[in-house]
Amino acid sequence: RENFIHLCNPHLEKMKEDILYHFALGTGTHDFPALFGDVKFVCVGGSPSRMKAFIAYIAEELGLGSPGGDYPNICAGTDRYAMYKVGPVLSVSHGMGIPSISIMLHELIKLLHHAKCSNITIIRIGTSGGIGLEPGSVVITRQSVDATFKPQFEQVVLGKTVIRSTNLDEQLAKELLQCSKEINQFNTVIGNTMCTLDFYEGQGRLDGAICLYNEEEKLRYLKEAYDSGIRNIEMESSVFAAMCNLSSVKAAVVCVTLLNRLEGDQISSPHDVLVEYQQRPQKLVGYFIKKSLGKV
């Protein structure tokens with residue numbers, strides 16, 4: 001059965017043209033079904049360079065690209081986001097924080113709808129701070145929670161607070177965990193992910209420009225988070241889960257932990273170690289895509 005993107009906006013049907021401004025794409029200037037109609041997997045991450053590296057990696061894994069081949073940025077007309085494609089895989093950067101990924105997702109979801117894509121899986125691959133995990137561990141998100149540990153995304157719309165669910169696809173999370181067991185290269189867990197509005201105070205760090213709490217208070221908060229099932233902290237998963245839910249898109253969040261926040265606040269691992277850590281979500285998701293396409 002084909003599952004198409006569900007658009008929660010009746011106004012779009014009345015528009016003669018839809019300009020995806022932050023992608024520098026539009027239905028009046030681009031043939032979306034021709035460009036994107038075969039997409040089945042969308043991987044999103046913060047950094048443009050990381051998403052370009054991912055498309056090169058997945059092209060090699062799927063045998064769809066030439067070694068050292070270049071992949072043009074589909075969104076070259078803007079410097080907001082970068083987008084790359086090979087075969088059925090789309091790789092898109094989303095910047096840092098809820099506002100940036102929210103803007104990207106509005107236009108990405110419309111793009112997939114205009115392209116008449118079906119049976120889409122969207123996976124956020126990224127980095128995070130771990131809680132009670134060894135650095136380099138990979139967390140597959142069960143549900144995204146806010147900084148008060150509630151599984152919800154809160155947004156003000158027309159002056160009124162709207163609360164949306166942040167559950168993620170349970171079966172997809174289990175499939176990804178099984179893939180990690182088959183790879184057997186790094187520790188992977190399923191756990192809750194705390195999504196914050198800030199990297200410093202919002203995550204209980206002691207090293208920001210402003211900090212009006214002490215280390216004991218910080219550790220108490222992080223231990224409460226751990227006891228509630230939270231295993232990592234980042235800044236995009238809540239709106240990602242909420243928007244994918246509303247659009248009836250199967251979604252997952254796969255993030256590597258760069259440090260254990262119970263042991264410190266600053267990321268101090270050597271650059272080459274961090275680079276290898278950042279490749280772990282790519283390896284896991286790449287293996288999942290290969291397996292889904294029957295290429296394992």
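Residues numbered from 1 in each chain as written. Predicted model: local features only at pLDDT ≥ 70, side-chain atom pairs only at ≥ 80, totals over all residues. Heavy atoms only, no water.

(A) Main features of helix H5 (residues 215-227). Under the 1.5 Å per step criterion, the end-to-end length of H5 is 18 Å for 13 residues, consistent within 8% with the ideal 18 Å. Of the positions making up H5, those classed as buried are Lys218, Leu222 and Ala225. All buried residues of H5 project into a common sector of 50° when viewed along the axis, lining one side. Those residues of H5 that are exposed and angled more than 90 degrees off the buried face are Glu216 and Asp227. For H5, the capping residue at the N-terminal end is Asn214, with a side-chain oxygen 3.1 Å from the backbone nitrogen of Glu216. Positioned one or two residues after H5, Gly229 has a phi angle of 105°, which is positive. (Helix = DSSP H or I, 4+ residues; strand = E, 2+ residues; numbered from the N terminus. Expected span 1.5 Å × (residues − 1). Buried < 20%, exposed > 50% of the residue type's maximum accessible area, 1.4 Å probe, protein only. Arc of directions from axis to C-beta. Polar contact = N/O pair within 3.5 Å; in protein donor to acceptor, adjacent residues only side chain to side chain.)

(B) Examining the packing of helix H3 (residues 98-114) against helix H6 (residues 237-246) more closely. Where H3 contacts H6, the axes come no closer than 9 Å and their chain directions differ by 25°. By the angle between their directions, the pair H3 and H6 is classed as roughly parallel. Here H3 runs over H6; the crossing is right-handed. When H3 is examined against H6, the residues Ile98, Ile101, Ser102, Leu105, His106 and Ile109 are found in contact with a partner set consisting of Ser238, Val239, Phe240 and Met243. Looking at the contact of H3 with H6 residue by residue, the classes come out as seven nonpolar, three polar and no charged. (Axes fitted to C-alpha atoms, helices over the stretch in contact; angles between N-to-C directions. Parallel < 35°, antiparallel > 145°, perpendicular 65-115°, else oblique. Left-handed = near helix turned anticlockwise from the far one by under 90°. Contact = heavy atoms within 4.5 Å. Nonpolar A, V, L, I, M, F, W, Y, C, P; charged D, E, K, R; others polar.)

(C) The UniProt feature "domain: Nucleoside phosphorylase" (unreviewed entry) in the protein chain, seen in detail. With numbering aligned to this structure, UniProt lists the feature "domain: Nucleoside phosphorylase" (unreviewed entry) at residues 40-289. End C-alpha atoms of residues 40-289 are separated by 9 Å, and the span's content is 35% helix alongside 27% strand. (UniProt positions renumbered as here; feature names shortened; annotations may be inferred.)

(D) Spotlight on the environment of Ile131. Summarising the element assignment, Ile131 is placed in the loop between strand S6 (121-130) and strand S7 (138-145). According to the relative accessible area criterion, Ile131 is buried, its value standing at 0%. Taking the C-alpha atoms as reference points, Ile131 and Leu222, 91 residues apart in sequence, are found 7.2 Å from one another. The residues contacting Ile131, other than those within four sequence positions of it, are Leu222, Ala225, Tyr226, Ile230, Arg231, Asn232, Ile233, Asn260 and Leu262.

(E) Examining the environment of Arg231 more closely. The residue Arg231 is located in strand S11 (residues 230-234) in this model. Sequence spacing of Arg231 and Ser91 is 140 residues, and the spatial spacing of their C-alpha atoms is 26 Å. With residues near it in sequence (within four places) discarded, Arg231 still touches Gly129, Gly130, Ile131, Leu133, Val139, Gly191, Asn192 and Tyr226.

(F) Inspection of H3 at higher detail. The end-to-end C-alpha distance of H3 is 24 Å, a good match for the 24 Å that 17 residues give at a rise of 1.5 Å each. Within H3, 13 of the 17 residues are buried, leaving the element largely enclosed by the surrounding structure. Lys116 sits one or two residues past H3 and shows a positive phi near 60°.

(G) Highlighting the nonpolar core. Counting residues in hydrophobic clusters, the biggest one holds 41 residues, and the most contacted among them are Phe23, Val42, Leu108, Leu111, Leu112 and Phe240. Contributing elements (two or more residues each) for this core: helix H1 (32-36), strand S3 (41-45), strand S5 (89-93), H3, H6 and strand S12 (250-260). Looking at this core element by element, the count peaks at eight residues for H3. Once residues within four sequence positions are removed from consideration, Val42 is found in contact with Leu90, Val92, Leu108, Leu112, Ile120, Thr121, Ile122 and Ile123. Core analysis: the second largest hydrophobic core is formed by 36 residues, Tyr84, Val254, Leu284 and Tyr287 among them. (Core = buried A, V, L, I, M, F, W, Y, C linked by side-chain atoms within 4.5 Å.)

(H) Looking closely at empty space enclosed by the protein. Tallying each qualifying case throughout the model produces one cavity of 30 Å³ or more. The volume enclosed by the largest cavity comes to roughly 30 Å³. Listed by contribution, the elements that provide at least two residues to the lining of the largest cavity are S6 and helix H7 (271-292). Taken together, the residues that form the lining of the largest cavity break down as three nonpolar, four polar and one charged. (1 Å grid on protein atoms, 1.4 Å probe; cavity = no way out; pocket = protein on both sides within 12 Å on 5 of 7 lines; lining within 4 Å. Points joined across faces, edges and corners; volume = space filled by probe spheres on them.)

(I) Up close: the pairing of strand S10 (residues 188-195). Within S10, six of the eight residues are buried, which leaves the element mostly enclosed by the surrounding structure. Pairing of S10 with S11, which is carried by four bridges, proceeds in the parallel orientation. Bridging from a neighbouring strand, Cys195 pairs with Glu234 of S11. (Pairing = 2+ DSSP bridges.)

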